[in-house]
Amino acid sequence: STNSVTVTTSSLSATKYTGYGNQTVIAGANNAKLGSFTLSTGSTEGINVNTIEITMSAANAASITNLTLKDNATGSTLGTIVTTPSANNSFSVSYAVPASSTKVIDIYGNVLSGANIGPIVATVGTATAGTGMVSSISASPSSTTDLETITVASGSLAVTVGAGDPTSNNV
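Small disclaimer: the values here were computed from a predicted structure and weren't measured. (Residues numbered from 1 in each chain as written. Predicted model: local features only at pLDDT ≥ 70, side-chain atom pairs only at ≥ 80, totals over all residues. Heavy atoms only, no water.)

Counted according to the given criterion, the structure contains 0 aromatic pairs. Note that Lys33 overlies the ring of Tyr20, its terminal NZ or CZ placed 4.3 Å from the centroid. We note Lys70 situated over the ring of Tyr108; from NZ or CZ to the ring centre the distance is 4.7 Å. (Phe/Tyr/Trp six-rings, centres within 6.5 Å; stacked < 30°, edge-to-face > 60°. Lys NZ or Arg CZ within 6 Å of the ring centre and 35° of its normal.)

This is the structure:
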């Protein structure tokens, strides 16, 4: 008899990053953080990630410009900025996530001043993919992952006269 050998495949999963919660942003906000997620690899082998897919509703996509992915640890931009997002946005990236490791990625964009008030929810799609560092076998998340709910709100300004500011002080 010989030692047993277990054959497994490489794996890649995406989850909502727990260090960032639902937020409210004002219409017209530039470089607003629209979500954060973690890519995780299995214990078998690391993954060379080559594609990240971010999806959202057509209405949400029409409310945003300059959709950007950034490495949470370094702040460096991943892939090319999508100046006019659509419902399905594919970013070509090139970075390695070692076995049993995670990488946190943030999503940024400019929220148009004419954006509809309401929620923006980005999703990490199943077309997010990479290849095993040793086997070169493809790996991708088995399901989509909804990220944080970013609520677009309108700002307001209220001006009042303070009780300690009588009119005579203005003279």
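That was the structure; now back to the text.
Right, let's get into the pairing of strand E3 (residues 32–41). Among the 10 residues of E3, 10 are classified as buried, and the element is accordingly described as predominantly covered. Two strands pair when backbone bridges link them, and E3 and strand E8 (residues 102–111) are joined in this way by 8 bridges, in the antiparallel orientation. In the strand pairing of E8, Lys33 is matched with Tyr108. (Buried < 20%, exposed > 50% of the residue type's maximum accessible area, 1.4 Å probe, protein only. Helix = DSSP H or I, 4+ residues; strand = E, 2+ residues; numbered from the N terminus. Pairing = 2+ DSSP bridges.)

What follows covers the environment of Ser156. Following the sequence through the fold, Ser156 ends up in the segment after strand E12 (145–153). Take Ser156: its relative accessible area is 77%, and that puts it in the exposed class. Separated by 52 residues in sequence, Ser156 and Val104 have C-alpha atoms that sit 34 Å apart.

This paragraph deals with unusual backbone geometry. One non-glycine residue, Asn31, lies in positive phi territory at about 55°. In this structure, Asn31 sits in the loop between strand E2 (23–26) and E3.

Our next topic: the pairing of E8. Taken across its 10 residues, E8 has 9 buried, putting it largely inside the fold. The sheet contact formed by strand E5 (residues 64–71) and E8 spans 6 bridges and is antiparallel. Its bridge partner being in E8, Ile64 is matched across the sheet by Val111.

Moving on, we come to the pattern of salt bridges. Taken as a whole, this structure holds 2 salt bridges when the rule is applied. The partner of Asp106 in a salt bridge is Lys33, and the shortest N-O contact between them spans 3.7 Å. A residue pair is termed long-range when its members are at least 10 positions apart, and Asp106 in strand E8 and Lys33 in strand E3 qualify at 73 residues. For the residue pair Asp106 and Lys33, the accessibility class agrees, reading buried in each case. With a closest N to O distance of 2.6 Å, Lys103 and Asp71 form a salt bridge. (Salt bridge = Lys/Arg side-chain N within 4 Å of Asp/Glu carboxyl O.)

Turning next to the nonpolar core. Core analysis: the largest hydrophobic core is formed by 34 residues, its most contacted members being Phe37, Leu39, Val49, Ile52, Ile54, Tyr95 and Ile107. Among all residues touching Phe37, those that are not within four sequence positions of it are Thr15, Lys16, Tyr17, Ile52, Ile54, Lys103, Val104, Ile105, Ile107, Val124 and Leu147. (Core = buried A, V, L, I, M, F, W, Y, C linked by side-chain atoms within 4.5 Å. Contact = heavy atoms within 4.5 Å.)

Glancing now at the sheet that holds strand E1 (residues 12–16). Spatially, 5 strands are ordered E1-E3-E8-E5-E6 in an open sheet, and the strand pairing comes out antiparallel. The open sheet is flanked by E1 and strand E6 (77–82), the only strands paired with a single partner. On average, each strand axis in the sheet is inclined to that of its neighbour by 20°, with strand direction left out of account. Alignment of E1 against E3, held across 5 bridges, turns out to be antiparallel. When the bridges of E3 are listed, Ala14 appears paired with Leu39. (Axes fitted to C-alpha atoms, helices over the stretch in contact; angles between N-to-C directions.)

A few words on the side chain of Glu148. Within the element layout of this structure, Glu148 appears in strand E12. Among buried charged residues, Glu148 stands out as having no salt bridge; its nearest opposite-charge side chain is Lys16, 5.7 Å away. A distance of 2.9 Å separates the side chain of Glu148 from the backbone nitrogen of Ser36, its partner in a polar contact. Residues contacting Glu148, with those up to four places away along its chain left out, are Lys16, Tyr17, Tyr20, Gly21, Asn22, Leu34, Gly35, Ser36, Ile120 and Val121. (Lys, Arg positive; Asp, Glu negative; His and termini not counted. Polar contact = N/O pair within 3.5 Å; in protein donor to acceptor, adjacent residues only side chain to side chain.)

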